[in-house]
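Remarks on the overall topology
The primary structure of each chain is shown beneath.
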Amino acid sequence: MKKIYFKTESLKNTIFSYCPGCGHGIIHRLVAESIDELNIRETTIGIAPVGCAVFAYDYWNFDVTEAPHGRPPAVATGIKRCCPDKIVFTYQGDGDLAAIGTAEIVHAANRGENITVFFINNANYGMTGGQMAPTTVLGQKTTTTPFGRNSSRDGYPLKICELLSSLEGVCYLERVSVTSPKNVLAAKRAIKKAFQNQILKKGFSLVEILSQCPTDWGKTPMDSIKWIDEVLSKTFPLGVYKECAKK
Amino acid sequence: MGSNKILMKGNIALCEGAIAAGCDAYFGYPITPQNEVPAYMSGKMVQLDRVFVQAESEISAINMVFGAAVCGKRAMTSSSSPGISLKQEGISYLCACELPCLIVNVQRGGPGLGNIAGSQADYFQATKGGGHGDYRMIVLAPYSVREMYEFANISFQLSEKYRNPVMILTDGIIGQMMEPVSIEDNKREPITRSSTDGWCLGGCLGREPRSIKSLFMTEGVLEKHNYHLKNKYDLIKKNEVRYEEYLTEDAAIVVIAYGISARIAKSAVRKLREDGIKAGFIRPITLWPFPYDKISEVSSCVKKILVAEMNLGQMVEDVRLAVNGKCPVEFIGHPGGGLFTDTEIKEKLASMF
């Protein structure tokens, strides 16, 4: 019998602490698979965020450091500039990357740091119980937008791929989701490409992944997937937002 | 070789000292009165094929230092008071994760935006923990351009020895003033490096994966980590107290000052001695660990102690803790970038005598 599915080496043999139906488990697996397929596990340094993925070092079977909330792109800059032969990536949520760490991501991107960023957009602060994130869509109810996000009071959803696409230092930007086998495979291709760009020294790559958060959205896992496909991806359309010219 | 003296600004001496000590990476952001440091490093570090990045903020600069330290490199940042406030979050994380690095505060007047004159108003912030949580940072206070040069090397070595950030707490006057420095003096402490191989990240080739973190959620684990840190801080207190003592043996009155204030106070003591007044001088060189024992010992033998600081009275609290009522402790200070004259300190000491 042929073995077609197995634990990839870059994932430790532990149980994820993520909620049922959460997208992080799928995305962790895709990141780990990509690292193993590219054979870079032993030269990779990951940077875990503050947020739901704060315990990423408990799951990934390679070197991982913590960073203060929002600061992974600055920490990644320090690591990559000092150790350009290592593969350095950050894994950040929407509060970490698009709120408290906006300056860090914009400037790391603008400097064209040769790093890889995985931006997990689940439209709210998962770890702290579902508050409004910069990526919360208009009308979406969260614990701090009990009447729904109102643009006159709360502003508009922040579109990171669109925002960063104007920066000259950026090599690659793509927004994906993990709502179906087809989308998961597309996400995997994007994640792998973002690592390959770094290996080829092409510069800054970011993959934004729309991710389901059933617990804080108050939805079933299946309804969460449906909500991403029907609502969230209307505000945040999937696709490639920038791709540097092929060498 | 020792006679090969170069006239140098304090901020430049700091850069030269750090470069000579093998600084691998510098990350900074413009703020007066430390602008010479990033400007000088931007040229020298690049010429030497080392790392220089002008960060988008003080916050990013300290986190870039964090990244460099994570992979075991000798990294530093410099700033001045308002910028150092922004670095406090990063300093707390560096202490928690036990990462070595050098942070330089070329102090200016405060609070708030204050002014750009030299000041000593950040003593509390530097020595009592400006960021959150139970932590300590080694703090060195140079009082000459020569010490700006030498302390960079000492700081890197202490930071690696104890895996803890070290701060050089200086001020706009020492940063800006020029003095002759002999940079090839072989009496300097040798440049050595502690191995970082046992803990740094660099990819898990040939070993188990590592993580660097400060989050300990399991009950009791953080408390254990806190005690681990305390044991280290106790060791630093035992081993690393540094101070300078001058004419204290027969002194009836002693002035205690650090940094630029110490330079002026020492001159006042010299002049009082010329007038036959038995004045002495103690200069804490490490502000943390603080020379409590030395000051306690001296306070048993003198009539009075004067503390001179360019602030409203900060180190004086540590002096009073050390003295513990054994003699009266008076204070003379200038906040807001005001500077002493040696005559002013001399007259104050004479009035106490």
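Computed from a predicted model, the values in this text were never measured in an experiment.

1. What about the overall build of chain B?
Helix and strand content of chain B: 13 helices and 15 strands. In terms of overall dimensions, chain B is globule-like: its C-alpha atoms have a radius of gyration of 20 Å, near the 20 Å expected for 353 residues. Principal-axis analysis of the C-alpha atoms gives chain B an extent of 70 × 50 × 40 Å. Counting all 353 residues of chain B, 52% fall into the buried class. When contacts within chain B are restricted to residue pairs at least 6 apart in sequence, long-range pairs at least 24 apart make up 80% of them.

2. Side note on the overall build of chain A
A count of helical and extended segments in chain A gives 10 helices and 9 strands. In summary, chain A has a C-alpha radius of gyration of 17 Å against a globular reference of 18 Å for 247 residues, a match within 12%. Dimensions of chain A, computed from C-alpha atoms along their principal axes, come out at roughly 50 × 50 × 30 Å. The proportion of buried residues among the 247 residues of chain A is 57%. Counted over contacts in chain A with a minimum sequence separation of 6, partners at least 24 positions apart contribute 68%.

3. With respect to the interface of chain B and chain A
Counting residues at the interface gives 34 residues for chain B and 28 residues for chain A. Residue assignment for the side of chain B that touches chain A shows that the elements contributing at least two residues are β2 (25-28), β3 (51-54), α3 (58-70), α5 (88-96) and β9 (211-212) of chain B. A per-element tally of the side of chain B that touches chain A places α3 of chain B first, with 9 residues. Bridge count for strand β2 (residues 63-66) of chain A against β9 of chain B is 2 bridges, and the pairing is parallel. Across the sheet, the residue bridging to Thr65 of chain A is Ile212 of chain B, located in β9 of chain B.

4. Quick word on the domain arrangement of chain B
Residues and elements named next belong to chain B. Parsing chain B into structural domains produces domain 1 (5-190 + 229-237) and domain 2 (244-352). Between domain 1 and domain 2, the contact holds 26 residues from the first and 21 residues from the second. Those elements giving two or more residues to the side of domain 1 that touches domain 2 turn out to be α6 (123-128), β6 (138-140), β7 (165-171), α8 (172-176) and α9 (221-239). Ranked by residue count, the leading element in the side of domain 1 that touches domain 2 is α6, at 4 residues. Residues of the side of domain 1 that touches domain 2, tallied by class, amount to 15 nonpolar, 7 polar and 4 charged.

5. A few points about the sheet that holds strand β4 (residues 75-79) of chain B
Residues and elements named next belong to chain B. Taken together, the 7 strands give an open sheet; going across it, the order is β3-β2-β4-β5-β7-β6-β13, and neighbouring strands pair in mixed fashion. Every interior strand has two partners, whereas the edge strands, β3 and β13 (286-288), have only one. Looking at each pair of strands side by side, their axes are set apart by 20 degrees on average, direction ignored. The pairing of strand β5 (residues 101-107) with β7 spans 7 bridges and is parallel. Across the sheet, Asn105 pairs through a bridge with Leu169, a residue of β7. Running over the sheet, α3 touches β2, β3, β4 and β5 and is turned about 165 degrees from β4.

6. Re the packing of helix α3 (residues 72-82) of chain A against α3 of chain B
Orientation of α3 of chain A relative to α3 of chain B, taken along the N-to-C sense of each, is 45 degrees, at an axis distance of 6 Å. Looking at the two axes, α3 of chain A sits oblique to α3 of chain B. Viewed along their axes, α3 of chain A and α3 of chain B form a crossing whose handedness is right-handed. On the side of α3 of chain A, the interface is formed by Ala74, Val75, Ala76, Thr77, Gly78, Ile79 and Cys82 of chain A, while α3 of chain B contributes Ser60, Asn63, Met64, Val65, Phe66, Gly67, Ala68 and Val70 of chain B.

7. Quick look at the sheet that holds strand β8 (residues 204-210) of chain A
Pairing within the open sheet is mixed, and its 8 strands lie in the order β9(A)-β7(A)-β8(A)-β4(A)-β3(A)-β1(A)-β2(A)-β9(B). In the strand order of this sheet, the two ends are held by β9 (239-243) of chain A together with β9 of chain B, each with one partner. Alignment of strand β1 (residues 44-48) of chain A against β2 of chain A, held across 4 bridges, turns out to be parallel. Within the sheet, the bridge partner assigned to Gly46 of chain A lies in β2 of chain A and is Val64 of chain A. Packed on one face of the sheet, helix α1 (residues 24-37) of chain A meets β1, β4 (116-121) and β8 of chain A and runs near 165 degrees to β4 of chain A.

8. Looking at the nonpolar core
If you look at the biggest cluster of nonpolar residues, it comprises 181 residues, and the most contacted ones within it are Phe118 of chain A together with Val65 and Val255 of chain B. Domain assignment of the residues forming this core places at least three in each of domain 1 (5-190 + 229-237) and domain 2 (244-352) of chain B. Look past the residues within four positions of Phe118 of chain A in its chain and what remains in contact with it is Ile27, Val31, Phe89, Tyr91, Ile191, Val207 and Ile209 of chain A.

9. Some details on the confidence of the model for chain B
Looking at chain B as a whole, its pLDDT mean stands at 96, while 98% of the residues score no less than 70. Scored by ipTM, the complex comes to 0.97, with pTM at 0.97.

10. Topic: helix α7 (residues 145-162) of chain B
Residues and elements named next belong to chain B. If you check α7, its first and last C-alpha atoms are 26 Å apart, about what 18 residues at 1.5 Å a residue would give, namely 26 Å. In α7, a bend of some 30 degrees at Phe151 exceeds every other bend along the element. Counting buried positions along α7 yields 17 of 18 residues, so the element is predominantly enclosed. After α7 finishes, the residue Arg163 shows a positive phi value of roughly 45 degrees.

11. Overview of the packing of α3 of chain A against helix α5 (residues 102-110) of chain A
All names here are of chain A. The interhelical angle for the contact between α3 and α5, taken along N-to-C directions, is 40 degrees, at an axis separation of 7 Å. Classified by the interaxial angle, the pair formed by α3 and α5 is oblique. For the pair α3 and α5, the contacting residues are Pro73, Ala74, Ala76 and Thr77 in the first and Glu104, Ile105 and Ala108 in the second. Across the contact of α3 with α5, the residue classes tally to 5 nonpolar, 1 polar and 1 charged.

12. A short note on the pairing of strand β12 (residues 279-284) of chain B
All names here are of chain B. Where burial is concerned, most of β12 is hidden: 6 out of the 6 residues are buried. Here β12 shows two buried faces, one formed by Ala279, Phe281 and Arg283 and the other by Gly280, Ile282 and Pro284. Summarising the sheet, strand β10 (residues 243-246) and β12 pair through 4 bridges and their orientation is antiparallel. Residue pairing in the sheet places Tyr243 in a bridge with Pro284 of β12.

13. Observations regarding unusual backbone geometry
Residues and elements named next belong to chain B. For the bond running from Thr32 to Pro33, omega is 5 degrees, close enough to zero to count as cis. As for its position among the elements, Pro33 is in the loop between β2 and α2 (36-47). The phi dihedral of Arg163 is positive, around 45 degrees, even though this residue is not glycine. In this structure, Arg163 sits in the loop between α7 and β7.

14. Focus: the environment of Val88 of chain A
All names here are of chain A. In this fold, Val88 is placed in strand β3 (residues 87-93). Taking C-alpha positions, Val88 is 22 Å from Val240, a pair spaced 152 residues apart along the chain. Not counting chain neighbours up to four residues away, the residues in contact with Val88 comprise Ile45, Ala76, Ile79, Lys80 and Ile115.

Reading guide: rules and limits
- Per chain, residues are indexed from 1 in the order of the written sequence.
- Lettering of chains starts at A and numbering of ligands starts at 1, both following the order in which they are written.
- Note on the predicted model: pLDDT of at least 70 is required for a residue's local features to be given, and 80 or more for side-chain atom pairs to be given and counted; whole-chain, interface and lining totals, by contrast, use all residues.
- Numbering of helices and strands runs from the N terminus; a helix is a DSSP stretch of H or I covering at least four residues, while a strand is a stretch of E covering at least two.
- The atom set for the radius of gyration is the C-alpha atoms, and the globule formula is 2.2 Å times the number of residues raised to the power 0.38.
- With C-beta atoms placed from the backbone, a residue is buried if 20 or more other C-beta atoms are within 10 Å of its own, exposed if 12 or fewer are, and partly exposed between those counts.
- By definition, residue pairs are in contact when their C-beta atoms, positioned from the backbone, come within 7 Å.
- Any two strands are treated as partners once DSSP identifies two or more bridges connecting them.
- Boundaries between domains were set according to an automatic or database domain assignment.
- Gly is put with the polar residues, along with every residue not named as nonpolar or charged; the nonpolar set is Ala, Val, Leu, Ile, Met, Phe, Trp, Tyr, Cys and Pro, and the charged set is Asp, Glu, Lys and Arg.
- Note on definitions: angles span 0 to 180 degrees between N-to-C directions of axes, and those axes are lines fitted to C-alpha atoms, for helices only across the stretch in contact.
- Any angle from 65 to 115 degrees is called roughly perpendicular, while one under 35 is roughly parallel, one over 145 is roughly antiparallel, and all others are oblique.
- In this scheme the handedness of a crossing depends on how the near helix is turned from the far one: anticlockwise by less than a right angle means left-handed, clockwise means right-handed.
- When buried Ala, Val, Leu, Ile, Met, Phe, Trp, Tyr and Cys residues are joined through C-beta atoms within 7 Å, the set is termed a nonpolar core.
- The predictor reports its confidence for every residue as pLDDT, a score running from 0 up to 100.
- Here, expected helix span is obtained from the residue count minus one, scaled by 1.5 Å.
- A residue's bend is simply the angle between two axes: one fitted to the seven residues ending at it, one to the seven starting at it.

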